[in-house]
There are 4 protein chains.
Amino acid sequence: MFIHQTLLRVRYSETDQMGVVYYANYLVWMEVGRVELCQSLGFRYRDMEKDDGVLLAVAEAQCRYLSPARFDDEVIVETSLKNAGARLVRFGYEMSVENGARKIARGETTHLFVGKDMRPVRLPEKYRALFGL
Amino acid sequence: MFIHQTLLRVRYSETDQMGVVYYANYLVWMEVGRVELCQSLGFRYRDMEKDDGVLLAVAEAQCRYLSPARFDDEVIVETSLKNAGARLVRFGYEMSVENGARKIARGETTHLFVGKDMRPVRLPEKYRALFGL
Amino acid sequence: MFIHQTLLRVRYSETDQMGVVYYANYLVWMEVGRVELCQSLGFRYRDMEKDDGVLLAVAEAQCRYLSPARFDDEVIVETSLKNAGARLVRFGYEMSVENGARKIARGETTHLFVGKDMRPVRLPEKYRALFGL
Amino acid sequence: MFIHQTLLRVRYSETDQMGVVYYANYLVWMEVGRVELCQSLGFRYRDMEKDDGVLLAVAEAQCRYLSPARFDDEVIVETSLKNAGARLVRFGYEMSVENGARKIARGETTHLFVGKDMRPVRLPEKYRALFGL
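Here's what I pulled together on the structure shown here.

Conventions and cut-offs
- Residues numbered from 1 in each chain as written.
- Chains lettered and ligands numbered in written order.
- Predicted model: local features only at pLDDT ≥ 70, side-chain atom pairs only at ≥ 80, totals over all residues.
- Heavy atoms only, no water.
- Least-squares fit on C-alpha atoms with pLDDT ≥ 70 in both.
- Contact = heavy atoms within 4.5 Å.
- Buried area = accessible area lost by both parts, 1.4 Å probe.
- Polar contact = N/O pair within 3.5 Å; in protein donor to acceptor, adjacent residues only side chain to side chain.
- Helix = DSSP H or I, 4+ residues; strand = E, 2+ residues; numbered from the N terminus.
- Nonpolar A, V, L, I, M, F, W, Y, C, P; charged D, E, K, R; others polar.
- Pairing = 2+ DSSP bridges.
- Axes fitted to C-alpha atoms, helices over the stretch in contact; angles between N-to-C directions.
- Salt bridge = Lys/Arg side-chain N within 4 Å of Asp/Glu carboxyl O.

Side note on the relation of the copies chain A and chain B
Next up, step 1: Mapping chain A onto chain B is achieved by rotating through 180° and translating by 0.0 Å along the same axis, at an RMSD of 0.0 Å. The superposition of one copy onto the other is thereby described by a two-fold rotation axis. Scanning chain A for the C-alpha nearest the rotation axis identifies Gln62 of chain A, at a separation of 2.1 Å.

Topic: the interface of chain D and chain C
Next up, step 1: Listed per partner, the contact involves 27 residues of chain D and 27 residues of chain C.
Next up, step 2: For the chain D face of the interface with chain C, the top three residues by lost area are Met18, Tyr23 and Met118 of chain D, together amounting to 30%.
Next up, step 3: At the boundary of chain D with chain C, the tally comes to 14 residue pairs in polar contact (both at pLDDT 80 or more).
Next up, step 4: At the level of elements, helix 1 (25–41), helix 2 (45–52) and strand 2 (55–65) of chain D are the ones that each hand at least two residues to the side of chain D that touches chain C.
Next up, step 5: At 10 residues, the largest contribution of residues to the side of chain D that touches chain C is made by strand 2 of chain D.
Next up, step 6: Classifying every residue of the side of chain D that touches chain C by side-chain character gives 18 nonpolar, 3 polar and 6 charged.

Remarks on the relation of the copies chain D and chain C
Next up, step 1: Rotating chain D by 180° about the axis while translating it 0.0 Å along that axis superimposes it on chain C, leaving an RMSD of 0.0 Å.
Next up, step 2: Residue by residue, 100% of the interface of chain D is reproduced at the interface of chain C, so both copies engage with the same surface.

Observations concerning the sheet that holds strand 1 (residues 3–9) of chain B
Sheet strands associate in pairs through backbone hydrogen bonding, adopting either a parallel or an antiparallel arrangement.
Next up, step 1: The 10 strands are arranged 1(A)-3(A)-4(A)-5(A)-2(A)-2(B)-5(B)-4(B)-3(B)-1(B) in an open sheet whose pairing can be described as antiparallel. Because the sheet does not close on itself, it has two edges, and the strands there are strand 1 (3–9) of chain A together with strand 1 of chain B. Adjacent strand axes in the sheet meet at a mean angle of 25° when their direction is disregarded.
Next up, step 2: The sheet contact formed by strand 2 (residues 55–65) of chain B and strand 5 (residues 102–114) of chain B spans 10 bridges and is antiparallel. Across the sheet, the residue bridging to Glu60 of chain B is Thr110 of chain B, located in strand 5 of chain B.

Thoughts on unusual backbone geometry
Next up, step 1: Phi at Glu98 of chain A is positive, roughly 50°, even though this residue is not glycine.
Next up, step 2: Among the secondary structure elements, Glu98 of chain A is positioned in the loop between strand 4 (88–97) and strand 5 (102–114).
Next up, step 3: A positive phi angle, near 70°, is found at Met118 of chain C, a position not held by glycine.
Next up, step 4: Within the secondary structure, Met118 of chain C sits in the loop between strand 5 (102–114) and helix 3 (125–128).

Overview of the interface of chain A and chain B
As a measure of interface size, the accessible area lost when the parts come together is often cited.
Next up, step 1: Each partner contributes residues to the interface: chain A has 27 residues there, and chain B has 27 residues.
Next up, step 2: Taken over both partners, the interface formed by chain A and chain B buries close to 2,200 Å², and the fraction arising from carbon and sulfur atoms is 60%.
Next up, step 3: For the chain A face of the interface with chain B, the top three residues by lost area are Met18, Tyr23 and Met118 of chain A, together amounting to 29%.
Next up, step 4: At the junction of chain A and chain B, the tally comes to 0 salt bridges.
Next up, step 5: Contributions of two or more residues to the side of chain A that touches chain B are made by helix 1 (25–41), helix 2 (45–52) and strand 2 (55–65) of chain A.
Next up, step 6: No other element matches strand 2 of chain A, which puts 10 residues into the side of chain A that touches chain B.
Next up, step 7: As paired strands, strand 2 of chain A and strand 2 of chain B are joined by 5 bridges and run antiparallel to one another. Of the residues in strand 2 of chain B, the one forming a bridge with Gln62 of chain A is Gln62 of chain B.

This is the structure:
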């Protein structure tokens, strides 16, 4: 299974008055993780949208919060390609701090390939091998 | 089952370059829904945090995206109290546009009652009846 | 001078670990204020973008923070049309809580009318009277 | 004048339906810039808050938008310490893409030193030299 590791530092804007990271921001980190995963697989997500008009519309997202992340923590996001088909792709995420010693969250997102009109399309041939198809 | 209906209008800031609402923002709308649900149940979430030091830490969040929401759409968020105990509570969410005619998302969040130190606590007696316990 | 009043409630997501609203979110509230102002002037900003391909690109934004806003506060945003021309428009904002008794911020934004390619355009004739031109 | 350079990549979440970065997000980047500047000056902003109870409350923020930034662009934020006193500090920001070749924004923020109760305090002695006082 292909795994990509992303490093990011918690921004002040990402915290809330509980003193920890607001829960929706983990989905933003997942996005950062999967954009970098695409680059590791050999293409830029930006180009897939711009040049081929193929977008990854989110069909489902799920996150389990294990331990709080705080401002200025260095977070490791491990993104994996869980499975891919011509019509959809699923990514998994493991997030941790303290050099991986403390797990903070685990999640998954499922995406449909769609065109600019948001209608489902099949993944163009040129991307298939990159996704292991 | 107790259900509360929240109305909100999609902000420009909530869209992304796909021309639709960015997926993490649905979790923000869920938060707005459950804060209003608390008020319907008979207390303000703000007071529970401030006066009693009890916070709702998110343990899990999940969302299925059914149809895109767009800038300036009027969104109905129906929040329900799915089940509650002395240690955790679960909320459900149904989101729609066009006066409820088009479903856009369905989700669920699970929360632990915690103190300001983020450690689990039991829900204080005074809130039990409000949660149907 | 034309003034529109918007009411909004502070979201939990808008706070930060200082326990008050994060400073960038005031610019989001300004956006909500000016979208509603447009509607008061007689058109929907969404339609101007979609039907006429005219966008309001921000050229400058400025905000003075006078007093903190907190979670669940009801905020009044008073948006005014400060001046408008065929090429740009300037809005002013006064924000307060406690029914207007406590001022929290004062700001201003300047916008250029641009096309979908982000190049400056002149405001179409049909909108001129609405902006008082 | 002390200048610190921060690199960041535009996130998908930071774009809006105009296809460019939403204007409030530049203030988030300024925050990332000044947190890193503090570290360059010799202390972590997190520790100043936690250990000394001194916070930087924003009194004013201003940004001029020169050219749009887009998803996946690599942004350089140059943060400078414009002037500092025992009661307030002012930072300047220059943002660019394409290795500095295209300026995208220029801004400034002014901050008051405050305690956890949000009341003004004087900068503790131990930080004075770091701010050049």
